[in-house]
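# Summary of the model geometry
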Amino acid sequence: MVEVGAVPGQYVRIARMWLRASLAYRASFWTLMLSSALVTLLDFVGLALMFHTVDALGGFDLRQIALLYGASGIGIGVGDLLTGSVEMLGVHVRTGTLDAMLTRPVPLLVQVCADRFAVRRLGRVAQALAVFVYGAAPVAWTPSRVGVAIVMVVAACAIFAAFFVAFSSIQFWTLDASEVANAFTYGGNALTQYPLTVFPREVLVALTFVVPIAFVNWYPCLYILDVPDPFGMPSWFAVLSPGVALVTLAVAGLAWRSGVRH
């Protein structure tokens, strides 16, 4: 039995090994990190270019959208950094490397998530953080808004990490379902980069009660920006992100354990 307290240390040791391997080719390492940041930056540049012809999108200006974009980008960036390698689960199953991992005295999920740890993904996080700061600059910050912002970012990271694990676990039963996971992780990020007012109410309901990705940034940002919910949802939804994160993590844990038993 592996002690829970030892898990972070085990993850760090595996990640450090892959980091040393990456730094063996420093030029390649820094090129990949910078290119990752620049490529993701183009997403926001394309969004900003829209505001040369419009003053608002779904009732939100560029700075407000930047706050939404940055919060979601930080969440998926950190989630991808820490757990994104779980998308390779199907490859591990087909090639037999998962069997080798099962024989080691380290939790299987830790090994799969830390495998081929790519610190270059920090470039994406840095870009999202810069956009978040740009969007946060005009906000009249109060202690409560600061608290909601901190909780929002932490919960966003946890929710996306849970999505990576939960939807990748489908690969225990299928030949390869990595694209299914991508539809909810990267697809969810693409949806939450924009104000949800650009979508029908039915989409918001689905993203609130079915796949609760609206709690990544939408409800907390409405509170931070002091904007009434355009769809009439309760204002206290803004503080539900931590609870939603815990539920999604629990569901991801159940999906993973069921897959391992299978």
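First things first, this report covers the structure right here in the doc. (Residues numbered from 1 in each chain as written. Predicted model: local features only at pLDDT ≥ 70, side-chain atom pairs only at ≥ 80, totals over all residues. Heavy atoms only, no water.)

The next subject is the overall build of the protein chain. Helix and strand counts for the protein chain stand at 13 helices and zero strands. Ordered by position from the N terminus, the helices and strands of the protein chain form the series α-α-α-α-α-α-α-α-α-α-α-α-α. Its C-alpha radius of gyration of 19 Å places the protein chain within 12% of the 18 Å reference for a compact globule of 262 residues. A principal-axis box enclosing the C-alpha atoms of the protein chain has dimensions of 55 × 40 × 35 Å. (Helix = DSSP H or I, 4+ residues; strand = E, 2+ residues; numbered from the N terminus. Rg over C-alpha atoms; globule rule 2.2 N^0.38 Å.)

A few words on the packing of aromatic side chains. To describe a pair of aromatic rings, you give the distance between the ring centres and the angle between the ring planes. Under the definition given, this model contains 15 aromatic pairs. Consider the rings of Phe172 and Trp173, whose centres lie 6.3 Å apart with planes at 80 degrees: the pair is edge-to-face. Judged by its relative accessible area of 12%, Phe172 falls in the buried class. Grouped by ring-pair contacts, the aromatic residues Phe209, Phe215, Tyr219, Trp236 and Phe237 constitute a single cluster. (Phe/Tyr/Trp six-rings, centres within 6.5 Å; stacked < 30°, edge-to-face > 60°. Buried < 20%, exposed > 50% of the residue type's maximum accessible area, 1.4 Å probe, protein only.)

In this structure the tally under the stated criterion is two salt bridges. Arg121 is the salt-bridge partner of Asp80, the closest N and O atoms lying 3.9 Å from each other. Remark: Arg121 occurs in the loop between helix H6 (108–114) and helix H7 (122–136) and Asp80 occurs in helix H3 (residues 62–83); sequence separation between them is 41 residues. Both residues of the pair, Asp80 and Arg121, count as buried. For Asp226, the salt bridge is made with Arg145, and the minimal N-O distance between the two is 3.9 Å. Of this pair, Asp226 sits in the loop between helix H12 (218–224) and helix H13 (241–261) while Arg145 sits in helix H8 (residues 143–168), and the two are 81 residues apart along the sequence. Using a relative accessible area of 57% as the deciding quantity, one classes Asp226 as exposed. Residue classification places Arg145 among the buried residues on the basis of a relative accessible area of 16%. (Salt bridge = Lys/Arg side-chain N within 4 Å of Asp/Glu carboxyl O.)

Position of Gln193 relative to the elements: it lies in the loop between helix H10 (186–192) and helix H11 (201–209). Setting aside anything within four residues of it in sequence, one finds Gln193 in contact with Leu47, Ile65 and Tyr69. (Contact = heavy atoms within 4.5 Å.)

This brings us to the layout of surface pockets. In this structure, the second largest pocket encloses a volume near 300 Å³. Taken together, 18 residues make up the lining of the second largest pocket; nearest its centre are Ser22, Arg116, Phe117, Ala118 and Arg120. Those elements that provide at least two residues to the lining of the second largest pocket are helix H1 (7–23) and helix H2 (26–50). When the residues that make up the lining of the second largest pocket are grouped by side-chain class, the tally is nine nonpolar, four polar and five charged. (1 Å grid on protein atoms, 1.4 Å probe; cavity = no way out; pocket = protein on both sides within 12 Å on 5 of 7 lines; lining within 4 Å. Points joined across faces, edges and corners; volume = space filled by probe spheres on them. Nonpolar A, V, L, I, M, F, W, Y, C, P; charged D, E, K, R; others polar.)

Let us now look at a nonpolar patch on the surface. The grouping of Leu38, Leu41, Leu42, Val45 and Leu49 at the surface amounts to a nonpolar patch, some 450 Å² of accessible area in total. Relative to the helices and strands, Leu38 is located in helix H2. (Patch = residues over 30% accessible without salt bridge, like charges linked within 9 Å, V, L, I, M, F, W, Y side chains within 5 Å. Areas by Shrake-Rupley, 256 points an atom, 1.4 Å probe, with all protein chains shown as cover.)

Turning our eyes to something else, we now look at the side chain of Asn217. Within the element layout of this structure, Asn217 appears in the loop between H11 and H12. Leave out the neighbours within four places in its chain, and Asn217 touches Leu68, Ala71, Ser72, Met152 and Thr192.

The next thing to look at is the nonpolar core. One finds Trp218, Tyr219 and Trp256 to be the most contacted residues of the largest nonpolar core, which totals 75 residues. Sorting elements by how many residues they give to this core places H8 first, with 16 residues. Contacts of Trp256, omitting those with residues within four sequence positions, involve Val86, Leu89, Leu108, Leu109, Val112, Val165, Ser169 and Phe172. (Core = buried A, V, L, I, M, F, W, Y, C linked by side-chain atoms within 4.5 Å.)

Quick look at H8 now. Helix length check: H8, at 26 residues, gives a terminal C-alpha distance of 38 Å against a target of 38 Å (1.5 Å per residue), a fit within 8%. In terms of residue burial, H8 counts as a mostly covered element, since 19 of its 26 residues are buried. (Expected span 1.5 Å × (residues − 1).)

What follows is about H2. Compared with the 36 Å implied by 1.5 Å per residue over 25 residues, the 37 Å span of H2 between its first and last C-alpha is a close match. Among all positions in H2, only Phe29, Met33, Ala37, Thr40, Phe44 and Leu47 are buried.

The next point concerns the environment of Phe167. Structurally, Phe167 can be placed in helix H8. Considered as a pair, Phe167 and Leu108 are 59 residues apart in the sequence and their alpha carbons are 16 Å apart. Not counting the four nearest positions on each side in its chain, Phe167 is found in contact with Ala181 and Phe184.

Shape is all these values report; function is a separate question.
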